[in-house]
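Fold and geometry: a report
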Amino acid sequence: MSPDKMIHMANQIAAFFNTQPGGDGAEKVAAHLSDFWEERMRRQLFAHVDAGGDRLDPLVLAAVAHLRQPAGQTPDA
Amino acid sequence: MKDFIIPWDDTDFGTPAKSGAPVSLIVDGIEVTVPEGTSVMHAAAEAGIQVPKLCATDSLEAFGSCRLCVVEVEGRRGTPASCTMPVAEGMVVHTQSERVRRIRKGVMELYLSDHPSDPASCIAGRDCELHDMAAVVGLREVRYGPGDNHFQPERDGRDNPRHLPRDESNPYFTFDPAKCIVCSRCVRACDDIQGTYALTIEGRGFDSVVSAGAAGDDFLTSDCVSCGACVQACPTDALIENRVIELGVPVREVITTCAYCGVGCSFKAELNGDQLVRMVPHKGGKANRGHSCVKGRFAWGYANHRERILNPMIRDRVDEPWREVSWDEALGFAADRLERIRKEHGNKALGVITSSRCTNEETYLVQKLARAVFENNNTDTCARVCHSPTGYGLGQTFGTSAGTQDFDSVEHSDVIIVMGANPTDAHPVFASRMKKRLREGAKLIVIDPRRIDLVKSPNVRAEHHLALRPGTNVAVVTALAHVIVTEGLADEDFIRERCDWDEYLAYAEFVRDPRHSPEAIEDLTGVPAAELRAAARTFAKGGNGAIYYGLGVTEHSQGSTTVMGIANLAMLTGNIGREGVGVNPLRGQNNVQGSCDMGSFPHELPGYRHVKNPEVRGIFERLWGVEIDPEPGLRINNMLDAAVDGTFRGLYVQGEDILQSDPDTQHVAAGLAAMDCVIVHDLFLNETANYAHVFLPGSTFLEKDGTFTNAERRINMVRKVMAPRNGYADWEVTQLLANALGANWTYTHPSEIMDEVAATTPSFAGVSFDLIDRLGSVQWPCNEEHPEGTPTMHVDGFMRGKGRFMITEYLATDEKTGPRFPLLLTTGRILSQYNVGAQTRRTDNMVWHDQDVLEIHPHDAENRGIRQGDLVRLASRSGETTLRAEITDRVSPGVVYTTFHHPDTQANVVTTDFSDWATNCPEYKVTAVQVAPTNGPSEWQEDYSAHAARSRRIAPAAE
Ligand code: SF4
Ligand code: SF4
Ligand code: FES
């Protein structure tokens, strides 16, 4: 997937959860990504974050941090 | 094999059934009890007595014009018509007195004296009610010679001025005025059942004739939509199918289900031997109640179209011609390639696309192929590109993606919102049922950028039409909620009882904000604030409120959010959980509902259960003996992206044409071209097949057993009408492919597949072919709690427990107009064509729509020097195409509209790859475009048609 498209898609998800109450947007974006994004897509997202995360919504960055926490949930399984 | 001829009671009771307090009467000595308001004729039929009749039939209200049905009633004078006379308590009726017999004979004699007497001229034969009735009343001879009459072309050696020529303008049926008895059944069918008002009776008395449209019109040029209701209603052969004229009256019938749209009409396939003569809508069908549209009734000839491919074909490279081979060779070739990909690139390089046109059983097998044989979750379906936001949005708010009602429910609605849907074109039979309710006084609110037919059609007028700018759905829906909440119209009792109150309070605070007021969004949406306020009040205060929506809601960047907004509106007004209300996604294709139910999505096993749940995986792992991947798989557009990246290389596509139906055609083509093995399983060499290495011929719905699930969650039976011309039903082909890959599947009949679904999926636990045969159809959930299915959802509580209000903030799509692309393109469908048109383009439906046109407002056209019918270039940042302009004020200034039924226009060359935030459902409904006059096809179109012609070559068979 082109980086532009991936960034656009990730930011769209963040944009929705940014409008939701509860203050747990990062968890919700993380849950959405692991429920709907296939590993390859998540891997590409992680790589992009590692490369600086250019143009990603801060909520996506926070979500990625979340996704990486639990053991065994590493993206490149 | 099962006996597939299902007997059915087709008794015509003469007048419709009524509901009311019981009334008892005696007919010819037999006591019978019927609901108040029932006609004497209907009551007699209940007692087993058929009163002779001509102008009455139980699909129509009585009219009382022929006087053949007269009876005598003790204590009353005269001979009343039994069809128009309501029953009364204690009434004693005689249907066979000497007096009424005499009257009937006289009536019949008059009819027959103005009707051709030569038996060979009667096409309908045993189907002709006129001749039946002559026999029933015992008329043996007609005493009058043919005097002044309508049926002889010549009288006394001169042209008979009363004789009118046959109207053969409609490609599917013929009207012969000479055979018409002017009972007006056709006129009433067109008015009351179809709601089109295309027919009238012209003239009076002996001069009266049935006429289509205005003077000078024929059936084709009139408003007639070729639904066939009049043909069915006609008691003689004045209106009759051309196929019957050609092939004779069929002698056996099989009940089955239409394979076109999500209404899922039941039909009787009527045959002679194994030759299908006609399809007649089935009165017992609970979705259609005996009605149909032009597609299901007439447009099934594609099954025998010469372009249908009947033999498997393969080729090494897509620039080579196809080679016809045996099934064994084709399957072996496919299996080798798939195995090679798996070895070299891993199992995640393979995937499937299930079809929303195939049966539940076939779809189930295709996703099983991915999960059990490829061992991944790379399965998706074209529902991705239409109703995936419904799944997400309703799942979040109600706990299930299911539409909440059955179609009968509309008969109890008082206010109906139709949003982003065009039922008269896309769901015609449901539209007819809705229009009937509207004529009875229900109010209609249309929310659509375009003035769809429902906004203003004969005897139906929308109370409010909110013609919003494409892409602003969320703003409008939220503003409706704003009005309801701030004006104190919310149903707080319902909300307290059924929904999460705290979430409601947060939601109410959100929508109350003045930035969501109709006034604040007027400039953005183009909807006058006063109109929007009025619509909100009408909906909130008008009684039972029902919302019907379509792809104009889902196919947006904020598709899922709009669905949530709609669910909010229904909860806010307490319009959930009973008849007449609800949230009703109008699904496009016949089995979109079913393909989603069957686990076609990459994150869900059958029954909408996420693959991450170990208990759910366990059910299938134990049954299938494989480990199921706990990770979600790739969605269609993700598969194509991965293909371009080189990590996805093999795809089995059953019954879908992703190249034509998916957005951004050039991107789809690039993805397909990058794969090593594309297997297309279809009826025709569709556009996707241009990039395929293996072609497996498919079977039509007439050639297999199985089930379809319509937009009401109704599981309808599809029954084999004839043997598959390609040799195998589609479920058999998938099984052969799986077995070529070593799967060892042993299904011998689709009923076994449904048994497996029932055994693994709680909402289908009670479903079996036997149950469906017994009940005719069943709406899931069907299980121990609901052994006969569930017409209305969320009756006592939401599926998820408490209904959940969701915050729906409007966010502008990134697809924005600007100086280069100043107009917004939105897309849709028309009645006579279906989806990518692969079937309907191969029928006579082409007389109604032979090309896609671009609707443009006169103002925008004038600015660009475009005249009616001009060839124009339609360009977006994705691509460009050309088509003809249709200048109309149905669209607002700044908006243009087209359909996507024809591959040579390919509206999807122009649509972009933006998609719904939650589900990646493409944003078909908003594309920034420019339109300009041109004088030839775009370069892309020329390349494309050259490429298509090249890829479709089939090598002559080598001997
Ligand atoms: S085919 Fe349908 S629309 Fe046409 S005249 Fe008959 S009833 Fe009316
Ligand atoms: S296309 Fe739809 S409305 Fe028309 S006959 Fe088929 S199921 Fe019914
Ligand atoms: S059937 Fe009753 S008047 Fe014609």
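Residues numbered from 1 in each chain as written. Chains lettered and ligands numbered in written order. Predicted model: local features only at pLDDT ≥ 70, side-chain atom pairs only at ≥ 80, totals over all residues. Heavy atoms only, no water.

An unreviewed UniProt entry annotates chain B as Formate dehydrogenase subunit alpha originating from Maritimibacter fusiformis. Taken directly from UniProt, the Subcellular location (unreviewed entry) text for chain B runs: "Membrane". (UniProt positions renumbered as here; feature names shortened; annotations may be inferred.)

The name given to chain A in an unreviewed UniProt entry is Formate dehydrogenase subunit delta, with Maritimibacter fusiformis as the source organism.

1. A few points about the site of ligand 2
Residues and elements named next belong to chain B. As a matter of local geometry, ligand 2 sits amid C258, Y260, C261, V263, G264, C265, F267, C293, K295, G296, P428 and V429. Looking at the shell around ligand 2, the elements that each hand over two or more residues are helix 7 (294-298) and helix 12 (428-439). Of the residues in the shell around ligand 2, the class split is 9 nonpolar, 2 polar and 1 charged. (Near = heavy atom within 4 Å. Helix = DSSP H or I, 4+ residues; strand = E, 2+ residues; numbered from the N terminus. Nonpolar A, V, L, I, M, F, W, Y, C, P; charged D, E, K, R; others polar.)

2. Thoughts on the sheet that holds strand 19 (residues 443-447) of chain B
Residue and element names in this part refer to chain B. Overall, parallel pairing links the 5 strands, which are arranged 22-19-18-23-24 in an open sheet. Each edge of the sheet is formed by a strand with only one pairing partner; in this case those strands are strand 22 (464-466) and strand 24 (582-585). For this sheet, the mean inter-axis angle between neighbouring strands, taken without regard to orientation, is 15°. Bridge count between strand 23 (residues 545-549) and strand 24: 4 bridges; the pairing is parallel. Bridged to Y549 within strand 24 is P585. Contacts from helix 12 reach strand 18 (415-419), strand 19 and strand 23 within the one sheet, and its direction differs from that of strand 18 by about 145°. (Pairing = 2+ DSSP bridges. Axes fitted to C-alpha atoms, helices over the stretch in contact; angles between N-to-C directions. Contact = heavy atoms within 4.5 Å.)

3. Here we look at the confidence of the model for chain A
Counting all residues, the mean pLDDT for chain A is 83, and 88% of those residues have values of 70 or more. Residue range residues 70-77 of chain A is modelled with pLDDT below 50. Its contacts to residues more than four positions away, or to other chains, number 7 contacts. (pLDDT = per-residue confidence, 0-100.)

4. A closer look at the interface of chain A and chain B
Taken together, the contact pairs 22 residues of chain A with 33 residues of chain B. Carbon and sulfur atoms supply 53% of the area that chain A and chain B bury against each other, a total of about 2,400 Å² over both sides. Here chain A is connected to chain B by 4 salt bridges. Of the charged contacts, one joins E39(A) and K348(B) as a salt bridge, the two residues approaching to 2.8 Å between their closest N and O atoms. At the junction of chain A and chain B, the tally comes to 11 residue pairs in polar contact (both at pLDDT 80 or more). Mapped onto the side of chain A that touches chain B, the elements with two or more residues apiece are helix 1 (3-18), helix 2 (25-36) and helix 3 (39-50) of chain A. (Buried area = accessible area lost by both parts, 1.4 Å probe. Salt bridge = Lys/Arg side-chain N within 4 Å of Asp/Glu carboxyl O. Polar contact = N/O pair within 3.5 Å; in protein donor to acceptor, adjacent residues only side chain to side chain.)

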